[in-house]
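Observations on the model geometry
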Amino acid sequence: MNQTSRLRSSFVLALFFALGLGLGSCSDGDSNGASAQSGTPAPLTETDLAINEYDKTVTEFVRVARRFKGGDLSVTVRYLELSTTTKE
């Protein structure tokens, strides 16, 4: 399995995990759904922030990886940094 496939698999797994947490937290005692209808977004949890940060990192990694694999050596250091970050 190459690095891009592992990266996509990790991202999909994180997305499913986030969706599972979001759907599981719908029963907050508000049975009439007023908070969902009010248009006020729910505050971001620590998990939401971690997923958002991971999404930004993956997006940047994919962009840098394309440039690196296309022959742009100016992104070599950033490519290596992001590759270790996405493995953590």
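Computed from a predicted model, the values in this text were never measured in an experiment.

1. Regarding the pattern of salt bridges
One pass over the full model with this rule turns up four salt bridges. Glu60 serves as the salt-bridge partner of Arg78, at 2.9 Å between the closest nitrogen and oxygen. One end of the pair, Arg78, is in helix α4 (residues 76–87); the other, Glu60, is in helix α3 (residues 46–69), and 18 residues separate them in sequence. For Arg78, a relative accessible area of 33% gives the class partly exposed. Two residues, Arg67 and Asp72, come together in a salt bridge whose shortest N-O distance is 2.7 Å.

2. A closer look at the nonpolar core
Soluble globular proteins tend to bury their nonpolar side chains together. One finds Phe61, Val64, Ala65, Val75, Tyr79 and Leu82 forming the largest nonpolar core, which totals six residues. Taken together, the elements giving at least two residues each to this core come down to α3 and α4. At three residues, α3 tops the list of elements feeding residues into this core. Once you skip the residues sitting within four places of it in the chain, Leu82 turns out to touch Thr57, Glu60, Phe61 and Val64.

3. Let's talk about the packing of aromatic side chains
The full count for this structure, using the stated rule, is two aromatic pairs. Aromatic side chains Phe68 and Tyr79 sit 4.4 Å apart centroid to centroid with 15° between the ring planes, which places their arrangement in the stacked category. Pair noted here: Phe68 is in helix α3 and Tyr79 is in helix α4, with a separation of 11 residues, a long-range link. Given a relative accessible area of 25%, Phe68 falls into the partly exposed group. For Tyr79, a relative accessible area of 10% corresponds to the buried category. In this structure an aromatic cluster arises from ring pairing among Phe61, Phe68 and Tyr79.

The rules behind the values
Residues numbered from 1 in each chain as written. Predicted model: local features only at pLDDT ≥ 70, side-chain atom pairs only at ≥ 80, totals over all residues. Heavy atoms only, no water. Salt bridge = Lys/Arg side-chain N within 4 Å of Asp/Glu carboxyl O. Helix = DSSP H or I, 4+ residues; strand = E, 2+ residues; numbered from the N terminus. Buried < 20%, exposed > 50% of the residue type's maximum accessible area, 1.4 Å probe, protein only. Core = buried A, V, L, I, M, F, W, Y, C linked by side-chain atoms within 4.5 Å. Contact = heavy atoms within 4.5 Å. Phe/Tyr/Trp six-rings, centres within 6.5 Å; stacked < 30°, edge-to-face > 60°.

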